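What follows is each chain in one-letter form.
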Amino acid sequence: MTEVDIPAKYKVEEVRQRKEILELPIASPSDSPVKVNIGPSHPAMHGTIKMIADLVGETIVNIDVEPGFLHRGMEKMCENRNYVSALPYTDRLNYVTAFINNFGYIGAIEKLFGIEITERCAWLRTLFSELSRITDHYTCNAAICSEIGAMTPFLYFMQARDYIWEHFNWATGARQTYSYARVGGLARDVTRDWLDKAKQILLDNIPLLKDIHGLMDKNRIFLDRTQGVGEISKEDAINAGITGPFLRSTGVAYDVRKALPYLKYDELDWEVPVGKYGDNYDRWFVRMREIEESFKICLQCIEKIPEGPINSDDYYAHLPEKSEVYGSIEGLINHFKIIIDGPKPPAGQIYDCVEAANGELGFFIVSDGTGTAYRLHVRPPSFLIMGVLDKIIIGHQLADIIPIFGTVNMVGGECDR
Amino acid sequence: MQSTILGINIVYFWTYFFVAGAIFIFMFMMGAVMSWSERKQSAQLQDRIGANRAAIPLPFGKKLALWGFINNLADAIKCLIKEDFRPQAYDKLMYNLAIFFAFIPAVLAVAVVPFAGVVKPAEFFQAWYLKWIPWLPEYFAANLPDFSFRVQVANLNVGLLFIFAIGGLNVFGSILAGWSSNNKFSMMGGLRAASQMISYEISMGMSLLGIIFIYQHIDLWGLVQAQSDLAWGWLPKWGIFLQPLAFFLFIAAAVAENKRMPFDLPEAESEIISGYFLEYSGFKMLLFMFAEFIEIVFVAIMLTTLFFGGFSVPWLMADGFHFPWGSYVPLSHASVVILQIISFQLKVFFFCWLLQQLRWSLPRFRYDQVMDLGWKILLPLSIVNLIITIIIVALGGF
């Protein structure tokens, strides 16, 4: 990987020489920068990140981004529990898209086992992943709105998101942290009514999205605040290992769902929206377009979900049916072994990735044949963005940190693990 | 002969006392109403219910919530009994002084605004629906038949200049609060407030110069009187019709003066947390907020007085309605005054609503964009507006 250089125009000396700064009387080149400590308890920093900025006037000439305030040792915790017990920790990675994290993690284990999941399970996982992605993009774009001061679209987004979360509650029993996946299947099935209601909720969300588009799309203030701010080039983004909407906003159509199709994504009709300049507006816009694409995927999924079992027959990997547990000695022992030891995949190592809301979410698992991972590593999409965030911010103004940081959609749980 | 206070007839004294008191109480009540409507209106806009939990318990399990009005009371009580937090190292004098600089000018400037026309008590109380009041109608008719007063605290002949002078003091509140709190974010907020308010005061003044040229008045009473005339026999000579561009320039500049969304960068909560009043807690913070609400009301009053004819009702003369199509509806003096008061209040409410609606539908500018808007767009436009106005006035247009 090549080193990303700070472009010359963002070097401290260069920034000071720039015309617009010299025009401001409060920021003559002789002024020494003021150090301002932003975070971790600054409202825009989510409590999980700290930025130490050098300000000349309002312009940032240097910034030091320090993530890691939410580091809980999630990977190490997973290595001390069996595979199933570690599942709830993945809920807390990107806590807005717990489904995608669940399915990514369980998908890696299933690959290690070599389990084929059932048709219905694959379709349901696709549907839940996309609904999750919608809620994440809602949350991210809502945060952008509220951080630049537009509270009304923020609440419209929250309202739309809550319809979906409440509906998840009916399927899984939780609004946010579902732990819904199981090795070889899902925790429980959904009914046809649930699917019809999900479709209705998606259709009900469309007027809210229209309102948001009406408030923001042609809003001069919003465009001025986001266009041309926080730009990153294709090359810089690729070099930094950035994926997801952030990369796609620069014009690279890389999406794990298309590049390495998993679940049912190759059987669906959808496209990868890309931006052009890689600025805040493109990131906002790519997310808005992805919401529409996810709508398309969800509606197709709801039509196409077949009837059938949700769990595979591989009872060495997941719990047997309750009737077998209570009715046969084999079933009881099976249940007991899975609960005590966890599913035991063959020794080996695996890297599997899914397209999470912020980019490629990868799970690297080393198995030694026991029910506990020997090593588990998560590749968090937003952590890699933190590496170039300072280069994106430098040269902009203090107020620009907020929308830039908002469009990054840094989620502490995922970034710091 | 009536008794006197400080050499003033006691009836005159109490009348002015009553008018001034009523106007100041109106301002404070409007401040409270604004903090309520800020919640409720935004709730309406955002599909929420809004404040409705604070309530006074009544017997039989009933609660008096007054559609959320009790929340104001709860806020005040909460702010009064909170810890009065102060930063560790701060300038005590300036820190405490800043609140008064922010609060007092907002209330003071309203002194020159007329809330209704001339009231003649002797005639006023003769209306059929006011005759039941004990002894007042007879008293004024018998003792002071010629006494009249204006519903205005002080008729300064430099009205607009007074407003600008007092409004200009407002910036000290923000600067001092930002500087004395000894916090970098506060300091930044104070500086933003200072540069923004000073820049926008210029285009605000420039946009009003056209009004002064047209009506040839600088006192608000004269401006309102001039606006109640008719152009071509049917169109009220309101500022909005004669100076439409100035109206929009003024509303933009006034919102910026007011430090409200989309110009609320001195207190941008996501960037510099709360800006200049970051280090104020409890009732001090409440006073800053309250001053802001009163300023909104004041901006609404200014817009009403300068561009929407103040208290004047279209085609309403001192003796009733003279419609342009020739019909005439006679009205008693009391009805005219009451109509004027209602008309003034309605216009003020409308502008309060408009400003709230603006606040809840727009995002925030950035510092350099605010400066660009102020100096590169509003100021040149207001100068162009002024020049065109002067040319038309010089050619005898108006």
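A brief report on the enclosed structure follows. (Residues numbered from 1 in each chain as written. Chains lettered and ligands numbered in written order. Predicted model: local features only at pLDDT ≥ 70, side-chain atom pairs only at ≥ 80, totals over all residues. Heavy atoms only, no water.)

**Some details on the pattern of salt bridges**
All names here are of chain A.
Working step 1: The full count for this structure, using the stated rule, is 41 salt bridges over all chains.
Working step 2: Two residues, Glu 110 and Arg 125, come together in a salt bridge whose shortest N-O distance is 2.9 Å. Here Arg 125 lies in helix 6 (residues 119–147) and Glu 110 lies in helix 5 (residues 98–113), a separation of 15 residues in the sequence.
Working step 3: Here the salt bridges do not stand alone but share partners, grouping Glu 130, Arg 133, Arg 248, Asp 255, Arg 257, Glu 290 and Glu 355 into one network. (Salt bridge = Lys/Arg side-chain N within 4 Å of Asp/Glu carboxyl O. Helix = DSSP H or I, 4+ residues; strand = E, 2+ residues; numbered from the N terminus.)

**Regarding the nonpolar core**
Working step 1: Among the nonpolar cores identified, the biggest contains 89 residues, and Tyr105(A), Leu127(A), Phe128(A), Trp194(A), Trp284(A) and Ile365(A) are the most heavily contacted of them.
Working step 2: For this core, the leading source of residues is helix 6 of chain A, giving 12 residues.
Working step 3: Excluding its chain neighbours within four sequence positions, the residues that come into contact with Leu127(A) are Trp194(A), Leu195(A), Cys298(A), Cys301(A), Ile302(A) and Ile305(A).
Working step 4: The next biggest cluster of nonpolar side chains, apart from the first, holds 85 residues, and it includes Met34(B), Val107(B), Phe140(B) and Ile296(B). (Core = buried A, V, L, I, M, F, W, Y, C linked by side-chain atoms within 4.5 Å. Buried < 20%, exposed > 50% of the residue type's maximum accessible area, 1.4 Å probe, protein only. Contact = heavy atoms within 4.5 Å.)

**Side note on the side chain of Glu130(A)**
Residues and elements named next belong to chain A.
Working step 1: In this structure, Glu 130 sits in helix 6.
Working step 2: Exposure remark for Glu 130: the relative accessible area of 0% places this residue in the buried category.
Working step 3: Among the polar contacts listed, one links the side chain of Glu 130 to the side chain of Ser 294, at a separation of 2.9 Å.
Working step 4: Beyond its immediate sequence surroundings of up to four residues, Glu 130 is in contact with Arg 257, Tyr 265, Ser 294, Ile 297 and Cys 298. (Polar contact = N/O pair within 3.5 Å; in protein donor to acceptor, adjacent residues only side chain to side chain.)

**Brief notes about the environment of Ala254(B)**
Residue and element names in this part refer to chain B.
Working step 1: Positionally, Ala 254 belongs in helix 10 (residues 244–258).
Working step 2: Taking the C-alpha atoms as reference, Ala 254 lies 6.9 Å from Met 204; in sequence the two are 50 residues apart.
Working step 3: Here Ala 254 is in contact with Met 204 and Val 299, once residues within four sequence places are set aside.

**Examining the interface of chain B and chain A**
Working step 1: Facing the 25 residues of chain B at the interface are 32 residues of chain A.
Working step 2: Of the roughly 2500 Å² buried between chain B and chain A, counting both surfaces, carbon and sulfur atoms make up 60%.
Working step 3: Counting every contact that joins chain B to chain A gives 3 salt bridges.
Working step 4: A salt bridge links Glu58(A) to Arg192(B), with the shortest nitrogen-to-oxygen separation between them at 2.7 Å.
Working step 5: Where chain B packs against chain A, one counts 13 residue pairs in polar contact (both at pLDDT 80 or more). (Buried area = accessible area lost by both parts, 1.4 Å probe.)

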